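Architecture and fold: a report
Read off the chains here:
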Amino acid sequence: MNMFNTFKVLTTASAVLFLASCGAEQAWLKPTGSAASVPEDPDLKFEQYVAESKKNIQQVITKLRFSNAKSPYVGEYSASDVANMRGPFQLPEKSETLCADKSRGAGKGFLLIHGLTDSPYLLKNVGQTLADAYPCGLVRAVLLPGHGTVVGDTLDMKYQDWMGITEYGVHSFQKMPSIDELYLVGFSTGTALAIKYLKEGASQEKIKGLVLLSTAVKAKSDLAWLTSYIKVFKSWLGTAKERDAARYSSFSTNAGAQFYKLTKGLVAKEYQFDIPVLMAVSADDETINPEAAREFFCKYTTSERKLLLWYKGFSKAQTEQCDGVYEIEKGSIHQEYRGVKYRYANLAHTGLSVSPSDSHYGVSGVYRDCKSYESADDDSQWRACMQDSANPVFAEKNVAKMSEVLAGGMWRRGTFNKQYQQLAKTMVCFTDQHCDLKKSLRN
């Protein structure tokens, strides 16, 4: 989810006209008529939903992004690869193969809900972590309508349809007699959907807890409300060359408007809940409002079994104080993972749910988020940023102007969490009702 950082430039007519003209010729900036949607049949078998969704993504991608047979994505991914990365998924692939051993997670279900402009890929590592810990459990990840195909499909999407696919996912577990514990696991916008469903959904049966990663209860910008008005005459807040196989890079005004409508008034007693919750937030998050997330945790989550992993950074903002907050130091900028040395300044919104070992976004992954260096006619800066070396630094956007941190190098927006293993261990403990959360953090 990448939003609202261009609001300030919208104060002048010239800026609006400039943004309106960006990328006007690219076909992928227009609605396809084949956007991901909510199944018409609420009882559609989840495996069939997965297969049909991936088939649709591949068809759209092939038509609009592979017209000259050359892959437009960093990593030379095929259309089939992209469909598998962006599509919904299930672990294990066939629910009929589930084992019945309670000690290995039988009866547990996990619904994964991704974020805005993202795809289920942003929760692939989380899904695998849970599947490995609970091999007899069932993990399912849905695809938010408007996502997965091309970014032009975000121009028409509605947050009500995101709620609809959340309902479909929850229902797919509730109709299974073998599932008696359901956990909603959200990333970014997916966290708001989980909270809203818990309070407004058709049925809360079986839901035993929420895992809210990069918790999005309020946008970073106080001007987010403007998107509902701007979208009438302005389609895009920013466009990019769409080179990431896992997610969109451009950001439509409608995407911002739908997020604002979804989260409006969310930090309020109306959305207070008392079931167990695990939250994880970067203090330096430049996409969502981290202080609002911490306030929500302290004021409106009332279960005794609750924990907020708070990743400290450079932010000096005043934050709510309460029991259950576990603060994690950002540590040295110089890091090493499996023999690879790299620089890591702070945790970015986009990296919290991803392991350093990830083949696409990890320490040695094929993709680097160097979008800030893109240029319409000169890719030299972007290519320099993409090069692997010890000089660039993985960071959140607030580091871009910190010369003392960059030390002459370039910055890449962080795409992984250097402390993912700690997060993974905490998620597994949290979803085991017999595990002592505080004790697990000490070990």
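These lines cover the structure that appears in this document, whether it is placed above or below. Computed from a prediction, not measured in an experiment: that's the story for all the values here. Counting restarts for each chain: residues are numbered from 1 in the order of the written sequence. In keeping with the model being predicted, local features are shown solely for residues with a pLDDT of at least 70 and side-chain atom pairs are shown and tallied solely at 80 or more, while totals for entire chains, interfaces and linings include all residues. In computing side-chain values, all of the structure's heavy atoms are included and hydrogens and water are not.

**So, the packing of helix H5 (residues 159-174) against helix H6 (residues 189-200)**
Going by this rule: All axes are obtained by fitting lines to C-alpha atoms, using only the stretch in contact for helices, and the reported angles, taken between N-to-C directions, cover 0 to 180 degrees. In this text, helices come from DSSP runs of H or I with a minimum length of four residues, and strands from runs of E with a minimum of two, each type numbered from the N-terminal end. Each crossing gets its handedness from the near helix: less than a right angle anticlockwise from the far helix is left-handed, clockwise is right-handed. By definition in these notes, contact holds between two residues if any of their heavy atoms fall within 4.5 Å. All amino acids are sorted into three groups, where Ala, Val, Leu, Ile, Met, Phe, Trp, Tyr, Cys and Pro are nonpolar, Asp, Glu, Lys and Arg are charged, and the leftover types, Gly among them, are polar.
The geometry of H5 relative to H6 is characterised by a closest axis approach of 10 Å and an angle of 65° between their N-to-C directions. In the packing of H5 onto H6, the handedness of the crossing is right-handed. On H6, the residues that touch Trp162, Met163, Thr166, Glu167, Val170 and Gln174 of H5 are Thr189, Leu193, Lys196 and Tyr197. Tallied by class, residues from the contact of H5 with H6 come to 5 nonpolar, 3 polar and 2 charged.

**Here's the deal with the sheet that holds strand S2 (residues 108-113)**
For the record, the criterion: Should DSSP find at least two bridges between two strands, the strands are regarded as paired.
Taking strand neighbours across the sheet as the criterion, the 8 strands line up as S1-S3-S2-S4-S5-S8-S9-S10 in an open arrangement whose pairing is mixed. With one partner strand each, in any of the chains shown, strand S1 (89-91) and strand S10 (325-328) form the two edges of the open sheet. Each strand of the sheet is rotated relative to its neighbour by a mean of 15°, with strand direction disregarded. Pairing of strand S5 (residues 207-213) with strand S8 (residues 277-282) involves 4 bridges; the strand directions are parallel. Bridge pairing in S8 links Leu212 to Met279. Docked against the sheet, helix H4 (residues 124-133) engages S1, S2, strand S3 (138-142), strand S4 (181-187) and S5, running at close to 20° with respect to S1. Sitting on the sheet, helix H9 (residues 290-300) is in contact with S8, strand S9 (306-311) and S10, with an inclination near 160° to S9.

**Quick notes on the nonpolar core**
This is how it is decided: By nonpolar core is meant a set of buried Ala, Val, Leu, Ile, Met, Phe, Trp, Tyr and Cys residues that side-chain atoms within 4.5 Å join together. A 1.4 Å probe rolled over the protein chains alone gives each residue an accessible area, and that area as a share of the maximum for its type sets the label: buried under 20%, exposed over 50%, partly exposed in between.
Tyr49, Leu184, Ile195, Leu210, Leu213, Leu309 and Leu423 are the most contacted members of the largest nonpolar core, which totals 133 residues. The element contributing the most residues to this core is H5, with 7 residues. With near-sequence residues (within four places) excluded, Leu213 lies in contact with Leu123, Val126, Gly186, Phe187, Ser188, Thr191, Ala280, Leu352, Ser353, Leu423 and Met427.

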